[in-house]
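Each chain is listed here by its residues.
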Amino acid sequence: DGSGARTTSLSHLAECIDSLRDFGRYYVVDLPGHLDKHLVTMLDRLDYVLLVFEATIPSVAGARRWLKIFAELDYPQNKIIPVLNRAGGQLKEVEADLPSLLGRNYAKLPNAFIVSQNCASAGAPAVVKVPKDKFALAINELAAKLVETEPSLPSAAGFLAKRHKK
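Below is a short write-up of the structure. (Residues numbered from 1 in each chain as written. Predicted model: local features only at pLDDT ≥ 70, side-chain atom pairs only at ≥ 80, totals over all residues. Heavy atoms only, no water.)

Turning to the overall build of the protein, a few remarks are in order. Helices and strands together make up the secondary structure of the protein, namely seven helices and five strands. Burial status across the protein gives 37% buried among its 166 residues. (Helix = DSSP H or I, 4+ residues; strand = E, 2+ residues; numbered from the N terminus. Buried < 20%, exposed > 50% of the residue type's maximum accessible area, 1.4 Å probe, protein only.)

The structure is reproduced here in structure tokens:
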């Protein structure tokens, strides 16, 4: 009936990661925006974290805060990949300052609201429905980067997790 989900913490979910390895190599876990021991337990088990942010002042400030937290947790830089979502939008001035604001490289996903809406309505991912679209190409490029850099690489909105190897 789902009532157990209300009592499950991220620590319990982190324990499931090892069990999931037989079912797939990659999975996505959207984590909360606050830091606690359960989130640290989950993050410790992840090989990669995609830190998704937008080119707005509050979002960039949040990304900087998370990068500082990850550094304080002694996570290697190649475990965390900042990802600019909706790149090339109206906030070009903020985007121009990102290299100095973040102090490191980051991936970019272009602004693709209509493509995303159409694909969501069709129930098909952009990389399948419109594989030559700039958004689909950027997703494929990011995925290839994760795969080619085995064993370690990079939302405040969401995180991509690759199964943790023992």
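Moving on: the sheet that holds strand S4 (residues 107–110). Taken in spatial order, the three strands line up as S2-S3-S4 in an open sheet, and their pairing is parallel. Strands at the two margins of the open sheet, each flanked by one partner only, are strand S2 (49–53) and S4. Neighbour to neighbour, the strand axes of the sheet diverge by 30 degrees on average, direction disregarded. Those strands touched by helix H3 (residues 57–72) are S2 and strand S3 (80–87), and its axis lies near 155 degrees from that of S2. (Pairing = 2+ DSSP bridges. Axes fitted to C-alpha atoms, helices over the stretch in contact; angles between N-to-C directions. Contact = heavy atoms within 4.5 Å.)

What follows deals with the pattern of salt bridges. On inspection of all chains with the given rule, the structure shows one salt bridge. Glu 54 is the partner of Arg 86 in a salt bridge, and the nearest nitrogen-oxygen pair spans 3.2 Å. Pair noted here: Arg 86 is in strand S3 and Glu 54 is in the loop between S2 and H3, with a separation of 32 residues, a long-range link. Look at Glu 54 and you get partly exposed, because its relative accessible area is 27%. (Salt bridge = Lys/Arg side-chain N within 4 Å of Asp/Glu carboxyl O.)

It is worth spelling out the packing of helix H1 (residues 10–20) against helix H2 (residues 37–45) at this point. Closest axis-to-axis distance for the H1/H2 pair is 7 Å, and the angle between their directions is 15 degrees. Between H1 and H2, the crossing angle belongs to the class labelled roughly parallel. The two elements H1 and H2 meet at a crossing, and its hand is left-handed. Here H1 contributes Leu 10, Ser 11, Leu 13, Ala 14, Glu 15, Ile 17 and Asp 18 to the contact with H2, which in turn contributes Lys 37, His 38, Leu 39, Thr 41, Met 42 and Arg 45. Looking at side-chain class alone, the contact of H1 with H2 contains six nonpolar, three polar and four charged residues. (Parallel < 35°, antiparallel > 145°, perpendicular 65-115°, else oblique. Left-handed = near helix turned anticlockwise from the far one by under 90°. Nonpolar A, V, L, I, M, F, W, Y, C, P; charged D, E, K, R; others polar.)

Let us now look at H2. For H2, the full list of buried residues reads Leu 39, Met 42 and Leu 43. Down the axis, H2 shows its buried residues gathered within 95 degrees of arc, on one side only. By the N-cap criterion, in which a side-chain oxygen at the helix start approaches the backbone nitrogen of a residue two or three places on, H2 is capped by Asp 36, the distance to His 38 being 3.1 Å. (Arc of directions from axis to C-beta. Polar contact = N/O pair within 3.5 Å; in protein donor to acceptor, adjacent residues only side chain to side chain.)

Let's shift gears to the environment of Ala 63. Along the chain, Ala 63 turns up in helix H3. Residue classification places Ala 63 among the buried positions, given a relative accessible area of 1%. Separated by 19 residues in the primary sequence, Ala 63 and Pro 82 have C-alpha atoms spaced 7.7 Å apart. Residues in contact with Ala 63, not counting those within four places in the same chain, are Leu 51, Phe 53 and Leu 102.

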